[in-house]
Amino acid sequence: MKFNERFLNEVRSDFLTRLDKVQIQVESEWFSGVIESKTVNGEEVSVVATFPQFNEREVYIESSRVVDGSGNEVAVQDERYNKIKGHGLMINITVPIKEVIEDVQQNTLARQSR
């Protein structure tokens with residue numbers, strides 16, 4: 001048995017709609033970018049954003065993240081790098097969509113053994 005494609009497309013669309021912002025951390029402050037695309041490809045979600053406000057600045061990026069519409073941090077990418085002046089900045093955050101069944105099973109077993 002499997003879910004039909006129409007249902008899965010609706011779930012993917014709802015999931016992507018919830019991803020509201022891509023932000024970068026510069027000097028311990030978070031800045032929002034412009035989301036260029038959000039896609040589900042197989043078992044991965046990819047969110048691409050640009051940050052035109054930094055095109056003419058040299059900055060050290062400490063981290064990047066995806067935030068949902070409720071303001072919750074839903075994915076973090078802890079890559080640090082320098083962005084040089086005069087170049088554009090595009091961030092692509094790719095996250096696997098997988099529920100970790102092992103953790104769920106271990107928690108269930110632990111509760112049952114009490």
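Before any of the text, the structure's been laid out above.
Residues numbered from 1 in each chain as written. Predicted model: local features only at pLDDT ≥ 70, side-chain atom pairs only at ≥ 80, totals over all residues. Heavy atoms only, no water.

1. Details of the side chain of Asp-68
Note the threshold: Helix numbering and strand numbering both begin at the N terminus, where a helix is a DSSP run of H or I of at least 4 residues and a strand a DSSP run of E of at least 2. Partly exposed describes any residue whose relative accessible area lies between the buried limit of under 20% and the exposed limit of over 50%, with all areas from a 1.4 Å probe on protein chains only and scaled to the type maximum. When charges are counted, neither His nor the chain ends are considered; positive counts come from Lys and Arg and negative counts from Asp and Glu. What makes a salt bridge here is a side-chain nitrogen of Lys or Arg within 4 Å of a carboxyl oxygen of Asp or Glu, nothing more. Two N or O atoms count as a polar contact when they lie within 3.5 Å, although within protein this holds only if one can serve as hydrogen donor and the other as acceptor, and sequence-adjacent residues are included solely when both atoms are side-chain atoms. Residue contacts follow a heavy-atom distance rule, with two residues in contact if any of their heavy atoms lie within 4.5 Å.
With respect to the helices and strands, the residue Asp-68 is situated in strand S5 (residues 59-68). Here Asp-68 sits buried without a salt bridge, and the closest side chain of opposite charge, Arg-18, lies 4.3 Å off (N-O distance). Within the structure, Asp-68 has its side chain in polar contact with the backbone nitrogen of Ser-70 (distance 3.0 Å). A polar atom in the side chain of Asp-68 sits 2.8 Å from the backbone nitrogen of Asn-72. Each residue touching Asp-68, except ones within four places of it in the same chain, is listed here: Arg-18, Asp-20 and Val-74.

2. Concerning the sheet that holds strand S4 (residues 44-50)
Going by this rule: Whether two strands pair comes down to DSSP finding at least two bridges between them. Orientation is described by lines fitted to C-alpha atoms, with helices fitted over the stretch in contact, and by angles between N-to-C directions that extend from 0 to 180 degrees.
Read from one edge of the open sheet, three strands run S3-S4-S8, paired in antiparallel fashion. Bordering the open sheet on either side are strand S3 (34-41) and strand S8 (90-96), each of which pairs with just one other strand. Averaged over all pairs of adjacent strands, the angle between their axes in this sheet comes to 15 degrees, without regard to strand direction. As judged from the seven bridges shared by S4 and S8, these two strands associate in the antiparallel manner.

3. Details of the layout of surface pockets
Our working definition: Throughout, the protein atoms alone are placed on a 1 Å grid, and a set of points is a cavity if a 1.4 Å probe fits but cannot get out or a pocket if it is open with protein on both sides within 12 Å along at least five of seven lines; lining residues have an atom within 4 Å of a point. Grid points are joined across faces, edges and corners, and a volume is the space filled by probe spheres set on the points. When residues are sorted by character, Ala, Val, Leu, Ile, Met, Phe, Trp, Tyr, Cys and Pro go into the nonpolar class, Asp, Glu, Lys and Arg into the charged class, and all the rest, Gly among them, into the polar class.
Computed from the structure, the largest pocket encloses a volume of approximately 260 Å³. In terms of lining, the largest pocket is formed by 13 residues, of which the most central are Phe-15, Leu-19, Val-45, Val-74 and Ala-75. Counting only elements with at least two residues in the lining of the largest pocket, the list comes to helix H1 (5-18), S4, S5, strand S6 (73-77) and S8. Per-class residue counts for the lining of the largest pocket are 11 nonpolar, no polar and two charged. One number sums up the size of the second largest pocket: a volume of about 220 Å³. Along the walls of the second largest pocket sit Leu-8, Val-11, Arg-12, Phe-15, Val-40, Gly-42, Glu-43, Ile-97 and Lys-98, which together make up its complete lining.

Everything listed here is a matter of coordinates, which is why it stays silent on function.
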